[in-house]
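One letter stands for each residue in the lines below.
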Amino acid sequence: MDAIRIYGGSCLDGQTTIQGSKNAALPILAATLLIDGTCEIENCPEISDVFHMQRLLESLGCTVEREETLIRVDTAGLSECDMPSDSVGVMRSSVMLVGALLARTGRVCMEYPGGCVIGARPIDLHLRSLRRMGVTIKEQEKGFCAETPGLKGAEMKLPFVSVGVTENLILAAVLADGTTTIEPAAREPEIQALCEFLQSAGAHIEGSGTQRLVIRGVDKLTPVRYRVPADRIVAGTYLCACMCAGGRVFLKDAPVHHMESVLEQAAAMGAAVEYEPDGIVVTGMDHAGTADVVTTGCYPAFPTDMQSPFMAVMALSGRGGRIEETVFENRFRIVSELRRMGADITIHGNTAYVAGNGRLHGAIVQAQELRGGAALVIAALGADGTSIVTNRHYIDRGYEDIVLSLRDLGADLELA
Ligand code: EPZ
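Residues numbered from 1 in each chain as written. Predicted model: local features only at pLDDT ≥ 70, side-chain atom pairs only at ≥ 80, totals over all residues. Heavy atoms only, no water.

Caption draft 1: Region of interest: the environment of A352. Tracing the sequence through the fold places A352 in strand β20 (residues 351-354). By relative accessible area, which is 0% here, A352 ends up buried. (Helix = DSSP H or I, 4+ residues; strand = E, 2+ residues; numbered from the N terminus. Buried < 20%, exposed > 50% of the residue type's maximum accessible area, 1.4 Å probe, protein only.)

Printed below as a string of structure tokens:
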């Protein structure tokens, strides 16, 4: 039952409400460790990565309660600072607990988080940056222990933009002694949400959403209630589902103001987008026109997490085109699976060239990571015949019940 069977050919019609953002909820849940008392985080998606973060917080001694999408975290009982290896190995984003735990307890030990198929995804820049804030890190074969007598503000000149490093440094800096500058900082909406959450708890952060963050350490943060914004990548995925399957869908709560590059690309590929006060209505795509070009980059450029779903659209578009991946060194794992469905795609370096044959046929394909797995499902919606996507657990890491959501929109699919 770790698979999805999809009967291609049904158009989509109706409305779906976009879940809370995984990549905002995870760092905000980590940030609750900085606050003595109980924080209430609303609109947390019911996905396995968030459940994992809940278990990590509990393993550290926090009390964590969930009521549907509301999560209450009481850190009064925080005691542990050794993170359980089974949890860390499964989820790379556990690394962002390091900055928060150093700020709260002064010590943390953890195994190196697993890399994954989209690239090596080391944490060298995380560790190098924390050392500049007065952290001693003893690296062993499988992991490391980090300690500090007290985090010190520092001027961080990073060699490249990293979402996770920016988040970790923000968490380490908000209670540090002195001022920390981070440049170039990541500008993603999820970073802006993290800053907003911390500012509401009393943190002094300037430059949120820009490439230069200035954080003046404070003595204490106070518990708050905060609502996680909607997930722009999930919204983009359902946009692509409608482009692949055809039809007309209302994406309620889609964070339009954070989807400019994605909506621009979708319109260039023939999707009709109508803006409503609380979301967008998307109508499939036309198949005429010239070849499309997509280049991923750091926000506000086209997001790397939307690269695979748009490759599925491109393979069905009849126009074809090319996709250049500039963030991760190995994020074309979906290509071999789309080829099984009849796609004609060649890869040269970090660019995939997609021929515009415009049709795919059903096949048994394997999800190998989160966004590629979701892209295979939406490709199958537009394919002729039946497909089976295995390794559904990858998709469950980031999407709340994708089968039910798509079925409610008229797709014909089931757990297999
Ligand atoms: C975050 O990953 C997101 N994950 C990713 O989303 C997203 O694709 C990525 O940012 C880019 O936007 C979460 O927010 C939980 P990076 P992160 O550090 O922080 C290299 C999804 O599907 N690097 O910005 O890991 C790294 O290997 C996921 O939701 C180092 O070399 O991404 C990559 O090539 C997938 N050393 C590049 O930087 C380091 O110490 C950018 O990665 C850290 C990163």
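Caption draft 2: Broad picture of the nonpolar core. Counting 75 residues, the largest nonpolar core has I170, F197 and L198 as its most contacted members. Element by element, the count of residues in this core is highest for helix α1 (residues 22-31), at 7 residues. Dropping the residues within four chain positions of it, L198 is found in contact with A31, L34, I170, L171, V174, A203, I205 and L221. Judged by nonpolar contacts, the second largest core, of 71 residues, contains A312, A315, I323 and V403. (Core = buried A, V, L, I, M, F, W, Y, C linked by side-chain atoms within 4.5 Å. Contact = heavy atoms within 4.5 Å.)

Caption draft 3: Geometry of the packing of aromatic side chains. Evaluation of the coordinates by the stated rule reveals 3 aromatic pairs. Ring plane angle 40° and centroid distance 5.9 Å describe the contact between Y112 and F144, whose orientation is recorded as tilted. Here the residue Y112 occupies a position in the loop between β6 (107-111) and α5 (124-131), and F144 occupies one in strand β8 (residues 143-147), the gap between them amounting to 32 residues. Exposure remark for F144: the relative accessible area of 1% places this residue in the buried category. Ring geometry for F197 against Y226: centres 5.8 Å apart, planes inclined by 70°, an arrangement best described as edge-to-face. Taken together, the residues span a long stretch of sequence, with F197 in helix α7 (residues 189-200) and Y226 in strand β13 (residues 225-227) at a distance of 29 residues. (Phe/Tyr/Trp six-rings, centres within 6.5 Å; stacked < 30°, edge-to-face > 60°.)

Caption draft 4: Local environment of α1. The buried fraction of α1 is high, at 9 of 10 residues. The distance from a side-chain oxygen at the start of α1 to the backbone nitrogen of N23 is 3.4 Å, and the residue carrying that oxygen is S21. (Polar contact = N/O pair within 3.5 Å; in protein donor to acceptor, adjacent residues only side chain to side chain.)

Caption draft 5: Quick peek at the pattern of salt bridges. Here the structure, examined in full by the defined rule, presents 25 salt bridges. Among the salt bridges present, the one from E40 reaches R72, with a minimum N-O distance of 2.5 Å. Residue E40 is found in strand β3 (residues 38-42), and its partner R72 is found in strand β5 (residues 70-74); the two are separated by 32 residues along the sequence. Of the residues examined, E40 reaches a relative accessible area of 19% and is grouped as buried. For the salt bridge of E183 with R212, the shortest nitrogen-to-oxygen distance reads 3.2 Å. Remark: R212 occurs in the loop between β11 (204-206) and β12 (213-216) and E183 occurs in strand β10 (residues 179-183); sequence separation between them is 29 residues. Linked through salt bridges whose partners overlap, the residues forming this network are E40, E42, E65, E67, R72, R225 and R227. (Salt bridge = Lys/Arg side-chain N within 4 Å of Asp/Glu carboxyl O.)

Caption draft 6: Main features of the site of the ligand. Around the ligand sit 22 residues in total, of which R92, D124, S162, V163 and D305 are the nearest. For the ligand, an oxygen atom lies 2.6 Å from a polar atom in the side chain of D305. Measuring from an oxygen atom of the ligand, one finds a backbone N or O atom of V327 at 3.0 Å. Burial of the ligand by the protein amounts to 88% of the accessible area it has alone, namely 830 Å². Going through the elements one at a time, α1, α5, α6 (163-173) and α12 (370-381) are the ones with two or more residues in the shell around the ligand. (Near = heavy atom within 4 Å. Areas by Shrake-Rupley, 256 points an atom, 1.4 Å probe, with all protein chains shown as cover.)

Caption draft 7: Representation of the environment of R359 within the structure. Among the structural elements, R359 can be located in the loop between β20 and β21 (364-366). Judged by relative accessible area, which is 56%, R359 ranks as exposed. Each C-alpha atom of the pair R359 and A291 lies 15 Å from the other, and the pair is 68 residues apart in sequence. Beyond its immediate sequence surroundings of up to four residues, R359 is in contact with A315, L316, G342 and D384. A polar atom in the side chain of R359 sits 2.9 Å from the side chain of D384.

Caption draft 8: Layout of the state of the cysteines. Following the criterion strictly, the structure yields 1 disulfide and no others. The residue that forms a disulfide with C109 is C145, at a sulfur-sulfur distance of 1.9 Å. Disulfide C109-C145: torsion about the S-S bond near 115°, hence right-handed. Of this pair, C109 sits in strand β6 while C145 sits in strand β8, placing them 36 residues apart in sequence. Across the pair, exposure class does not vary: C109 and C145 are buried alike. (Disulfide = S-S within 2.5 Å.)

Caption draft 9: Local environment of the sheet that holds strand β22 (residues 386-390). On the basis of which strands lie adjacent, the open sheet formed by 4 strands has the order β21-β22-β1-β23 and mixed pairing. Two strands in the sheet have a free side with no partner beyond their single neighbour: β21 and β23 (412-415). When the angles between neighbouring strand axes are averaged without regard to direction, this sheet yields 20°. With 3 bridges connecting them, β21 and β22 associate as parallel partners. Bridging from a neighbouring strand, Q366 pairs with T390 of β22. (Pairing = 2+ DSSP bridges. Axes fitted to C-alpha atoms, helices over the stretch in contact; angles between N-to-C directions.)

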